[in-house]
Amino acid sequence: MEKFTQEGKLERMNEKLEEGTGAAEQLLSLCSSSEIRYASATYRGSREFWMSLRNGAPVMLSPQIEYGVSVRVCTDRGIGFASTNSLERSMLKRIVASAISMARAGNGDAPDLRSGTVENANWVVEQKRKMDDTSVEEKIRKIQEIDSAARDCTELRSFRNVSFGEVQTLKYFVDTEGTKVLGRDAKFDLYYMIMLQSGASAEQVSRTFGYTGGEEGLEQLDVLAKTVEYVKGIEGMLLNGKSFKSERLDVLCGSEVTGLACHESCGHP
């Protein structure tokens, strides 16, 4: 993983992502041993931007890039796989050798991975409003609007944590049969935890929104309006909720509630 400053980071990130397709090609060229009957190489790289707000104030801004390559080989003995997050040729040679060694250790029962067909494709997920066309300042402002809506829709005291992340991914697959597939997609996810307090009582809500595409997703998912709806919901619990009388009762729980109870009561301890 590498982190970059704002100045020139976008250009550098794009360059780094494109380098990975060449690394996948190099991996395949290194699979020239006569014992290899099939090999494939995959590269995956992503440009990411993450931010976190606490009560409307940014506490974390992190542009970063992540990438890695992998190779899979098939011999008469077995199948081998190895991967690395280094694009250096010496490391590419090392993981090819590791994959071949793993395949040699097989017992001869491995399936033949050859399909006998060649597939070539180049696809991209459309962004109606491209992430790269929106400045960091504008991204912060949009998330702060959601935070402000949660704060302003109630007179109760609120505590708010909001995180937002964008990931633009490049995926490249090549194999010894001539297949080449290049894909690009873009996703974001927004998560928040909002707590309201009334006297000594408190209620909280947490939600995650995910979207494949561009900045238009915030409007298409109606995040702002739904956030207000959720906050008003817990406000109603605090102001109008009534307590059950105290007594011993049998309770029937659905699978989700049972799973949650087991997770919290047994998993965390």
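See the structure shown above.
Quick look at the structure, then.

1. Some details on the nonpolar core
Inference 1: Core analysis: the largest hydrophobic core is formed by 28 residues, its most contacted members being Leu-27, Tyr-43, Val-69, Val-71 and Val-73.
Inference 2: Dropping the residues within four chain positions of it, Tyr-43 is found in contact with Lys-16, Leu-17, Gly-20, Thr-21, Ala-24, Tyr-67, Gly-68, Val-69, Leu-170, Lys-171 and Tyr-172.
Inference 3: The next biggest cluster of nonpolar side chains, apart from the first, holds 27 residues, and it includes Ile-140, Leu-190, Tyr-211 and Val-223.

2. Regarding the pairing of strand S8 (residues 201-212)
Inference 1: Bridge count between strand S7 (residues 180-198) and S8: twelve bridges; the pairing is antiparallel. Each residue of the ladder has a partner; that of Phe-188, found in S8, is Tyr-211.
Inference 2: Between the antiparallel neighbours S7 and S8 lie two residues, among them Gly-199 with a positive phi of about 65°.

3. Focus on the side chain of Ser-46
Inference 1: As for its position among the elements, Ser-46 is in strand S2 (residues 36-54).
Inference 2: At a separation of 2.9 Å, a polar atom in the side chain of Ser-46 contacts the side chain of Glu-48.

4. Focus on helix H5 (residues 223-240)
Residues lying three or four places apart along an α-helix face the same way, a consequence of the helix completing one turn every 3.6 residues.
Inference 1: Given a rise of 1.5 Å per residue, 18 residues ought to cover 26 Å, and the 25 Å separating the end C-alpha atoms of H5 matches this to within 8%.
Inference 2: The set of residues buried in H5 consists of Val-223, Thr-227, Val-231, Ile-234, Glu-235 and Leu-238. For H5, the arc enclosing every buried residue in end-on projection is 110°, short of the 170-degree limit, so these residues lie on one face. More than 90 degrees from the buried face of H5, the exposed residues found are Glu-229 and Asn-240.
Inference 3: In this fold, the buried residues of H5 make contact with helix H3 (136-152), S7, S8 and helix H4 (217-220).

Rules of the game
- Residues numbered from 1 in each chain as written.
- Predicted model: local features only at pLDDT ≥ 70, side-chain atom pairs only at ≥ 80, totals over all residues.
- Heavy atoms only, no water.
- Core = buried A, V, L, I, M, F, W, Y, C linked by side-chain atoms within 4.5 Å.
- Buried < 20%, exposed > 50% of the residue type's maximum accessible area, 1.4 Å probe, protein only.
- Contact = heavy atoms within 4.5 Å.
- Pairing = 2+ DSSP bridges.
- Helix = DSSP H or I, 4+ residues; strand = E, 2+ residues; numbered from the N terminus.
- Polar contact = N/O pair within 3.5 Å; in protein donor to acceptor, adjacent residues only side chain to side chain.
- Expected span 1.5 Å × (residues − 1).
- Arc of directions from axis to C-beta.

These results come straight from atomic positions and should not be treated as a statement about function.
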